[in-house]
Amino acid sequence: QILIHQKTELLEAVTGFETCNQYELRNIMGQRIFTAKERSTVCARWCCGSLRPLTLQVCDYSGREVIHFIRPLKCTSCCFPCCLQEMEVQSPPGHTIGYVVQSWHPFVPKYCLLTESREPVLKVVGPCLMSSCCGDVNFQVKPLCESRSVGRISKQWTGLPKEIFTDADNFGIQFPKDLDVKMKAVLIGACFVL
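Throughout, a residue's number is its position along its own chain's written sequence, starting from 1. Local features in this predicted model are restricted to residues of pLDDT 70 or higher, and side-chain atom pairs are both shown and tallied only at a pLDDT of 80 or more, whereas totals for entire chains, interfaces and linings draw on every residue. Only hydrogens and water are removed before side-chain values are computed, so all heavy atoms of the structure are retained for them.

As named in an unreviewed UniProt entry, the protein is Phospholipid scramblase, taken from Eleutherodactylus coqui. Of the protein, the UniProt comment under Function (unreviewed entry) reads exactly: "May mediate accelerated ATP-independent bidirectional transbilayer migration of phospholipids upon binding calcium ions that results in a loss of phospholipid asymmetry in the plasma membrane." UniProt positions are given in the numbering used here, feature names are shortened, and annotations may be inferred rather than shown by experiment. As stated in UniProt under Sequence similarities (unreviewed entry), the record for the protein gives "Belongs to the phospholipid scramblase family."

Here we come to the pairing of strand 4 (residues 54–59). One ladder, built from five bridges, connects strand 3 (residues 32–39) with strand 4; its direction is antiparallel. Bridging from a neighbouring strand, arginine 39 pairs with threonine 55 of strand 4. DSSP calls a pair of strands paired once it identifies at least 2 bridges connecting them. Labels follow the DSSP assignment, with helices taken as runs of H or I lasting at least four residues and strands as runs of E lasting at least two, numbered in each case from the N terminus. In this structure, strand 4 lies alongside strand 5 (residues 65–71), joined through six bridges in antiparallel fashion. Looking across to strand 5, one finds that threonine 55 is bridged to isoleucine 70. From the end of strand 4 to the start of strand 5, which pair antiparallel, there are five residues, and glycine 63 there has a positive phi angle of about 90°.

We define the nonpolar core as a collection of buried residues of types Ala, Val, Leu, Ile, Met, Phe, Trp, Tyr and Cys that are connected through side-chain atoms lying within 4.5 Å of one another. With a 1.4 Å probe rolled over the protein chains alone, any residue whose accessible area is under 20% of its type maximum counts as buried; one over 50% counts as exposed, and the rest are partly exposed. Ranked by size, the top nonpolar core spans 36 residues in total, and within it Ile4, Ile153, Leu187 and Phe192 carry the most contacts. Of all the elements, helix 4 (residues 181–193) adds the most residues to this core, at nine residues. Contacts: residue pairs with any heavy atoms within 4.5 Å of one another. Residue contacts for isoleucine 4: discarding those within four places in its chain leaves Tyr23, Glu24, Leu25, Asp169, Asn170, Phe171, Ile173, Ile188, Cys191 and Phe192.

Let's shift gears to the pairing of strand 7 (residues 96–103). Of all eight residues making up strand 7, seven are buried, and the element is well covered by its neighbours. Count of turn residues in the strand 6 (residues 86–90)/strand 7 antiparallel hairpin: five residues, of which glycine 94 carries a positive phi of about 100°. As defined by bridge partners, strand 7 adjoins strand 8 (residues 110–115) across six bridges and the pair is classed as antiparallel. For valine 101, the partnering residue across the bridge sits in strand 8 and is cysteine 112. From the end of strand 7 to the start of strand 8, which pair antiparallel, there are six residues.

Structural data, given as structure tokens:
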């Protein structure tokens, strides 16, 4: 299991001006194992909001980049099935190990986790309602047949003041048993797409 905590930016909370997001990835014991920093332009943050093109650099405790995520400008509307969300996952940076690709569905958010050769491995299926008052929102990790849940990504409820005044989120990832380390990195990418 990995916990992903988005750092609350004071400037963003006070002014509403979207800043580059920063995250801490922690193990189940609460120990920091990685940090992640967003790279995006001011124009993209202002004009595109949460759909902006960006890169995320995941670094270990010594500051060495171990995973690199690239998300181009796309949309999530069910009216535009030809322009859905996608993220490339590289580890080490420059070497593609997989992709997260949104699958079109009119009501439910669905994502497919692909290998470097774009072969599907797993799916992430969200709830019909993407928000929950005073509770977690769970996205199920499923095999391609979607017959059962083998893992989970949870957007965790952080309390009313934080939910109202910031867009900083906390996520938990419960990995499927015996999942390849490359696909674990792709699943972390899926969490950042969500």
